[in-house]
Amino acid sequence: LEFRRVLFRSTKFANERGAKCDLIVVGPIDFDQSYLLNHGRIILGENFIFLGPIYSRNIKDQIMKLCHIFALPSIGENFALSLVEADSSGLHLLLSPHIGAIEILKDADITIVSDLRLESWGNALIALSTSLIRGKRDHFRIPYSADSWLSEASKYSFFLDAMSK
């Protein structure tokens, strides 16, 4: 649970230093996550948005269009589908070095944060949001459609095939 708190605290850290970051959390919740969501609301207030599970690809696509950064602090391996979706949507990936899928996302726009300290993640959010404000990362907002997702995802088919065996 601690690594998830990094997102809440680092977003607050960045906002307190002039960044303009909202944290959008998508997915189902269990008891432990329910505690975290309440924690997020307390820490971030109106800068925290919880959408719950999203099963519609169209709605996921619309959410991705509104975002600029996909952040995933982790202490272990994660299923790569969300990373592939975020990458194909043109989002900058802000990741822990522990995520093995980094190896297959060689062409992605990735920032790796070497530890799980809130200052490290907060400073990465500040740097990325500053770049966005200055217009240096125009490619964050690439045109996006379901067709482009499928063509992008095809680059990773070997990875998905290997996972299914």
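Keep in mind that what you see is a predicted model, and the values were worked out from it rather than measured.

Conventions adopted
Residues numbered from 1 in each chain as written. Predicted model: local features only at pLDDT ≥ 70, side-chain atom pairs only at ≥ 80, totals over all residues. Heavy atoms only, no water. Helix = DSSP H or I, 4+ residues; strand = E, 2+ residues; numbered from the N terminus. Buried < 20%, exposed > 50% of the residue type's maximum accessible area, 1.4 Å probe, protein only. Contact = heavy atoms within 4.5 Å. Areas by Shrake-Rupley, 256 points an atom, 1.4 Å probe, with all protein chains shown as cover. Patch = residues over 30% accessible without salt bridge, like charges linked within 9 Å, V, L, I, M, F, W, Y side chains within 5 Å. Salt bridge = Lys/Arg side-chain N within 4 Å of Asp/Glu carboxyl O. Core = buried A, V, L, I, M, F, W, Y, C linked by side-chain atoms within 4.5 Å. Phe/Tyr/Trp six-rings, centres within 6.5 Å; stacked < 30°, edge-to-face > 60°. Lys NZ or Arg CZ within 6 Å of the ring centre and 35° of its normal. pLDDT = per-residue confidence, 0-100. Pairing = 2+ DSSP bridges.

1. Section: the overall build of the chain
When its secondary structure is counted, the chain shows 7 helices and 5 strands. Listing each helix as α and each strand as β along the chain from the N terminus yields α-β-α-β-α-β-α-β-β-α-α-α. Considering the chain as a whole, with its 165 residues, one finds that 41% of them fall into the buried category. Looking at the chain alone, contacts between residues at least 24 apart form 59% of all its contacts between residues at least 6 apart. A total of about 9300 Å² of accessible surface is found on the chain, and carbon and sulfur atoms cover 56% of it.

2. What about a nonpolar patch on the surface?
Taken together, the side chains of Ile24, Val26, Ile49 and Leu51 make up a nonpolar region of the molecular surface, amounting to roughly 270 Å² of accessible area. You can see isoleucine 49 is positioned in strand β2 (residues 48–52). A relative accessible area of 31% places isoleucine 49 in the partly exposed class.

3. Brief notes about the nonpolar core
Ranked by internal contacts, the top residues of the largest apolar core, which has 19 residues, are Phe70, Leu83, Leu93, Leu95, Ile99 and Leu105. At the level of secondary structure, the elements contributing two or more residues to this core comprise α3 (57–66), β3 (69–72), α4 (81–88) and β4 (92–95). Looking at which element gives the most residues to this core, the answer is α4, with 3 residues. In this structure, Cys21, Leu94, Val113 and Leu128 belong to the second largest nonpolar core, which totals 12 residues.

4. A closer look at the packing of aromatic side chains
Within the structure shown, the criterion is met by 1 aromatic pair. Aromatic side chains phenylalanine 8 and phenylalanine 48 sit 5.5 Å apart centroid to centroid with 70° between the ring planes, which places their arrangement in the edge-to-face category. Here the residue phenylalanine 8 occupies a position in helix α1 (residues 2–16), and phenylalanine 48 occupies one in strand β2, the gap between them amounting to 40 residues. With relative accessibility at 5%, the residue phenylalanine 8 sits in the buried group. Under the relative-accessibility criterion, phenylalanine 48 is labelled buried at 8%. If you follow arginine 17 out to its NZ or CZ, it ends over the ring of phenylalanine 13, 3.6 Å from the centre.

5. Overview of the confidence of the model for the chain
The predicted coordinates of low-pLDDT regions are not to be read in fine detail. Confidence in the prediction for the chain averages 76 pLDDT; 73% of positions are at 70 or higher. Every residue in residues 136–150 is under pLDDT 50, and counting partners more than four places away or in other chains gives 36 contacts.

6. Structural notes on the pairing of β4
By the alternation rule, side chains of β4 split into His92 and Leu94 and Leu93 and Leu95, which are all buried. In the sheet, β3 pairs with β4 via 4 bridges, with the strands oriented parallel. From the neighbouring strand, isoleucine 69 faces β4, where its bridge partner is histidine 92. The pairing of β4 with strand β5 (residues 110–112) spans 3 bridges and is classified as parallel.

7. Some words on the environment of histidine 39
Relative to the assigned elements, histidine 39 resides in helix α2 (residues 31–44). Sequence spacing of histidine 39 and phenylalanine 8 is 31 residues, and the spatial spacing of their C-alpha atoms is 8.1 Å. In contact with histidine 39, not counting residues within four places along its chain, are Arg5, Phe8 and Arg9.

8. Remarks on the environment of serine 10
Position of serine 10 among the secondary structure elements: in helix α1. Separated by 110 residues in sequence, serine 10 and serine 120 have C-alpha atoms that sit 7.9 Å apart. Once residues within four sequence positions are removed from consideration, serine 10 is found in contact with Leu118, Trp121, Gly122 and Leu125.

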